[in-house]
Every structure is written in C-alpha cells, then in structure tokens.
Amino acid sequence: MSVMAKPPAASAHPSDIPASAAGHAIVRVPAEGPLVDVMGGAIRHEIKIHEHGFIALVDAMPRLVPEGQTADAAIVQAARVSYGQGTKKVSEDRGLIRYLLRHRHTTPFEMLEFKFHIAMPIFVARQWIRHRTANVNEYSARYSIVRDRFYTPTLDNVRKQSASNRQGGEEKFGGGGGENPGELKTAEEFLTFLGDVEGMYERYIKLTEAGVSRELARIGLPVSVYTEWYWKCDLHNILRFLSLRMDAHAQEEIRVYADGMHALLAGIVPITMEAWRDYELEAVHLTRLEAAAIRELKSGGSGALASDNKREQAEWDAKRKSLGL
Ligand SMILES: Cc1cc2nc3c(=O)[nH]c(=O)nc-3n(C[C@H](O)[C@H](O)[C@H](O)COP(=O)(O)OP(=O)(O)OC[C@H]3O[C@@H](n4cnc5c(N)ncnc54)[C@H](O)[C@@H]3O)c2cc1C
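We now examine the overall build of the protein chain. If you tally the helices and strands in the protein chain, you get 11 helices and nine strands. Per-residue burial for the protein chain yields a buried fraction of 33% across its 325 residues. Carbon together with sulfur atoms contributes 53% to the accessible area of the protein chain, which is approximately 20100 Å² in total.

The next thing to look at is the pairing of strand S9 (residues 226–234). Each regular strand carries side chains that alternate between the two faces of the sheet. Across the nine residues that make up S9, a large majority, seven, are buried. Bridge analysis of strand S5 (residues 113–121) against S9 gives nine bridges, and the strand direction is antiparallel. Pairing of Ala119 across the sheet is with Glu228, part of S9. Inspection of the sheet shows strand S6 (residues 135–138) paired to S9 by four bridges, in the antiparallel sense.

Where helix H7 (residues 235–245) contacts helix H8 (residues 252–266), the two axes come as close as 9 Å, and the packing angle between them is 140 degrees. Considering the angle they form, H7 stands oblique to H8. H7 and H8 meet at a crossing whose hand is left-handed. Contacts between H7 and H8 involve Ile238, Phe241, Leu242 and Arg245 from the first element and Ile254, Arg255, Ala258, Met261, His262 and Leu265 from the second. Classifying every residue of the contact of H7 with H8 by side-chain character gives seven nonpolar, one polar and two charged.

With that settled, the discussion passes to the side chain of Asp72. Assignment of secondary structure puts Asp72 in the loop between strand S4 (64–66) and helix H1 (73–83). Summary of buried charges: Asp72 has no salt-bridge partner, and the nearest side chain of opposite charge, Arg94, is 8.7 Å away. Reaching out from Asp72, the side chain makes a polar contact with the side chain of Thr70 at a distance of 2.7 Å. In this view, Asp72 contacts Ile97, Ile268, Val269, Pro270, Ile271 and Thr272; residues no more than four positions away in its chain are not counted.

Cut-offs used in this document
- Think of each chain on its own: its residues are numbered from 1, step by step along the sequence as written.
- Reporting of local features is limited, given that this is a predicted model, to residues whose pLDDT is at least 70; pairs of side-chain atoms are given and counted only at 80 or more, and all residues count toward the totals for whole chains, interfaces and linings.
- Side-chain measures here rest on the full set of heavy atoms in the structure, leaving out hydrogens and waters.
- Helix and strand assignments follow DSSP, with helices taken as H or I runs no shorter than four residues and strands as E runs no shorter than two, numbered in order from the N terminus.
- Only protein chains enter the accessibility calculation, which uses a 1.4 Å probe; a residue whose area is less than 20% of its type maximum is buried, one above 50% is exposed, and one in between is partly exposed.
- Residue exposure ignores everything except the shown protein chains as possible cover, and the areas themselves are Shrake-Rupley values with a 1.4 Å probe.
- A pair of strands is labelled paired if DSSP reports no fewer than 2 bridges between them.
- Every angle, taken between N-to-C directions, lies between 0 and 180 degrees, and every axis is a line fitted to C-alpha atoms, over only the stretch in contact when it is a helix.
- Should an angle fall under 35 degrees it is called roughly parallel, over 145 degrees roughly antiparallel, and 65 to 115 degrees roughly perpendicular, with every other angle called oblique.
- Each crossing is labelled by how the near helix is turned from the far one, with a counterclockwise turn of less than a right angle marking it left-handed and a clockwise turn marking it right-handed.
- In this analysis, two residues are considered to be in contact whenever any of their non-hydrogen atoms come within 4.5 Å of each other.
- Ten residue types, Ala, Val, Leu, Ile, Met, Phe, Trp, Tyr, Cys and Pro, are classed as nonpolar, four, Asp, Glu, Lys and Arg, as charged, and the remainder, Gly among them, as polar.
- In this tally, Lys and Arg are treated as positive and Asp and Glu as negative; His is ignored, and so are the chain termini.
- Salt bridges are defined as contacts in which a side-chain nitrogen from Lys or Arg sits within 4 Å of a carboxyl oxygen from Asp or Glu.
- By the criterion applied in these results, polar contacts are pairs of N or O atoms within 3.5 Å in which, for protein atoms, one can donate a hydrogen and the other can accept it, and in which residues neighboring in sequence qualify only through two side-chain atoms.

Now the structure itself:
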C-alpha cells in the first residue's frame, strides 16, 4: 500500500521534500564539480534599442554548467547520447558542435532555451510574431493603458522606397549629408506626420477616462506605439530567427533587435554562435546554376548565370562581388 507523503510546509526548500514523495524513490546525483551560472548571477542582461525599446535576456536553459564550460555544453550532452559517450574535452566538444551545425543535425540545439523580455514598436512585433516556434506572452492593451512610447526614426534614418525591391527602403533622404533640400523637406514632413499621429495619445487617454473601454480605445493608436512581451525559444529556432532577421533584407527596425539578441547570446553559447556565423551568417550559399557559372568561369568563360530571371541575375552579381569573382 502506498502512503501519501505529507505535503511540505510552504516555506520548505525543494531539497527538503522527502525523496520518497508520492512513493517514488528520487536519487539526487550531485554535480561532479562546481557549477557556474551562465548569466553570471545577473537577473537580466539588457541592451537598449532606440529611445524606448530594449531586449533583455532574462533566463537560460541550461542556467548552470560545469565550471570552465559554457551553455554550449548542453548541446554536447544531448548529442553524445546518440553515441553513448559522456562529455569529452572542450576542444572535442567544439569540433562536435561545428560538425552538428554544418550537417544540420539540429535537434541537440533544441535542448537549449532562452527567455527574453522585449519592448518594441507594434510594427516590429507584427514581423516578430511570425516566428511560430517561440512561446510568447504579451502586454495586454485590453487590460492596461498603453504607455506613451512611440518609435520615431532619426532624420538621417528616414529611408526612400527602394526602386528594385518593393519591400525595401534603402537610400537615405538627403543622401545623408542633406545635399538635396527638397528631399530633406520630404523627410522632415514625414517626421511631422509621425508627431501628429503621436498627438492622438492624449485623445486616447481622455476617451478611456471618459469611459471608452481600453480594448476599443487602443485601436486608434498607430503601429509605432510600443508593446512588450516575454519570448522564449529554443536555440535551433533562435538561429533561424537570427538568420532571417539579421539578414540585410530584413527591415532595419527589427534587425537592430536581432543584432541585440545575437550580442546577448554570443557570450553564453560562444561556440555555437561562432559556428553559425561561419556556416550561415557570413557564408555564401550557391545554387546549382551559380555553381555551374563558377565552373564555367574557371574554364575561361564569362561566369554568366544560365537564367533570364532578373532577380536571380542580381543575386548572382552580388555573390560574385562578395566572392571577388
Ligand atoms: C525579409 C522578409 C520578408 C517577409 N515578407 C513577408 C510578407 O510579405 N508576408 C508575409 O506574410 N510574411 C512575410 N515574411 C515572414 C515569413 O514568410 C515567415 O513567416 C517568417 O520569416 C517566419 O519564418 P519561419 O516560418 O521559418 O519561422 P517559424 O515560424 O519560427 O518556423 C520555423 C520552422 O519551423 C517549421 N514550422 C513552424 N510552424 C510550422 C507548421 N505549422 N507546419 C510545419 N512546419 C512548421 C518550419 O520548418 C519553419 O521553417 C517575411 C520574412 C522576412 C524575413
């Protein structure tokens, strides 16, 4: 007959809970050596973004690792289960992590999780939320009053519509030096427009005070207003997020957050981040047609791409340039 263990007192430390609670024998295996906190004992590591935003790392799994190791150790721990081997030398661990990433053996990277607290404009959050593999809990503008925080680009970061990419803004108005007064005026007018829209905030507050529900009053606010959320994701999908959002084609306003996330993780999983930069961020991937063009170039040809697609041609030109071909 199993006997129900008496529940621990509210103040009990978890280690005071009887090992035989609920009839299960729990064997507590102590660490072989000292453990260190990958966040160095801090409750958050925060990077400020623009005037009102931030990205903060607030927790990590693993949080504790053997002294002398980094959170990369959890990838190795998971991967070695495949081969029935325990932890080896750090230098061998590095080789293993690089091998796994190069060969897209990705599940060991899913064993690590990181939780961030982020404040960003709603138009950035709209792009961010498309990354479906994360767990998200967002500030409720039905429950609480939206805070008076709006994103406004600096004058020299007001970008023109790209002529070649409908989704992009590229060259800055006024060429960065304000050489063209007409163009600069347009950029200034845009900032005035944003200022006018921000002016709606006072009306939003007044209408909520007059009794309009917060869930409706908020719909008059622009997408430049800030929201906040907690965002937790495994390392495999974080790398995917970073690949897409640190890329030059991502909108600059989300790119700065992705850069911040990368900076926060670079010291926590340094081996993985280095490998990912080598094989993904700063790597050049070639299509079959591009590889054929290089072979043709090597045998004395022009290295032209066998495609009449303009976008494909432009992408090949950019890769050739970056490779010095
Ligand atoms: C430069 C750029 C421009 C973009 N433009 C647009 C646009 O114009 N319109 C638009 O709507 N979106 C746009 N997006 C968003 C884009 O289409 C993706 O939704 C977003 O980047 C998330 O990518 P993901 O699906 O790989 O990420 P995640 O949702 O994090 O998914 C990661 C991976 O998990 C797997 N996965 C996740 N969910 C599922 C599922 N339900 N079923 C099967 N597999 C799943 C897939 O392998 C997926 O690749 C753009 C993104 C970028 C970077």
